[in-house]
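Tertiary structure, described
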Amino acid sequence: MLVRRSALLLSGLTLYGFSLTLLLRADLGLDPWDVFHQGLAETIGWSLGRTIVLTSFAVLALWIPLRERPGLGTIANAVVVGMSVEVFSALIPDAEPLWLRWVVLALGVVGNGVATGMYIGAGMGPGPRDGLMTGIARRHGSIRVVRTSIEVTVLVTGILLGGTFGVGTLVYAVSIGPLAHVFLPIFTRLASPASAAAVPSTRG
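The helix and strand tally for the chain stands at nine helices and zero strands. Each helix and strand of the chain, ordered N terminal to C terminal, gives the series α-α-α-α-α-α-α-α-α. By the compact-globule yardstick of 17 Å for 204 residues, the chain fits well, its C-alpha radius of gyration being 16 Å. For the C-alpha atoms alone, the extent of the chain along its principal axes is close to 45 × 35 × 25 Å. Counting every position in the chain, which comprises 204 residues, the buried fraction comes to 50%. In the chain, the share of contacts with a sequence separation of at least 24, taken over all contacts with a separation of at least 6, comes to 78%. Of the roughly 9800 Å² of accessible surface on the chain, a fraction of 70% belongs to carbon and sulfur atoms. Looking at charge distribution, the chain has the averaged site of its 14 positive side-chain charges lying 14 Å from that of its 10 negative ones.

Another aspect to go through is the environment of Leu-30. With respect to the element layout, Leu-30 can be found in the loop between helix 1 (2-26) and helix 2 (32-44). Looking at Leu-30, the relative accessible area reads 2%, which means it is buried. Counting along the chain gives 134 residues from Leu-30 to Thr-164, while the straight-line C-alpha distance between them is 6.1 Å. Not counting chain neighbours up to four residues away, the residues in contact with Leu-30 comprise Leu-20, Leu-23, Leu-24, Val-35, Gln-38, Thr-164 and Thr-169.

What counts, and at which threshold
Residues numbered from 1 in each chain as written. Predicted model: local features only at pLDDT ≥ 70, side-chain atom pairs only at ≥ 80, totals over all residues. Heavy atoms only, no water. Helix = DSSP H or I, 4+ residues; strand = E, 2+ residues; numbered from the N terminus. Rg over C-alpha atoms; globule rule 2.2 N^0.38 Å. Buried < 20%, exposed > 50% of the residue type's maximum accessible area, 1.4 Å probe, protein only. Contact = heavy atoms within 4.5 Å. Areas by Shrake-Rupley, 256 points an atom, 1.4 Å probe, with all protein chains shown as cover. Lys, Arg positive; Asp, Glu negative; His and termini not counted. Charge placed at Lys NZ, Arg CZ, Asp CG, Glu CD.

Keep in mind these numbers describe shape, not what the thing actually does.
Here you go:
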């Protein structure tokens, strides 16, 4: 069971990095956190993958006053996604012309939804950003309000730093929740058939 869940976790995180690279190559807009990551990367002169890893551990440090406990999946999330972006960024060229960028965007968004279902469905701990959201919400309000506040903050900050905001950002925002809603139960059953009824909640 642990081997199955670990394989699902690592596959999901790798796919997440791959799908993020597709969104990057489509150049039509990233999701809020990655607008921030990209803007920060350009500001400090690091690659996007390294910046994602740096940000992940910085966010994990914010767990300390919230008394949140990371799982194996939390640490894997902090490392594997950024490393995957590093690898795939070196392998995947920019997408041209415009119609191909739209195709790459669609593949990236769907792939991200599948990846979200996989790594959350593995049930081995939330990602750093998910844990921050739920930790704050547990003490200071609803998940919806806290999540919206955090994502608007990182999005605006990312735009100010030069991150790519565009129609792809909006497509991602309206698509990722429904996609995760479809794929999360599937991978939860795959990871732990005996406890498939207890499907964890997912971010949108």
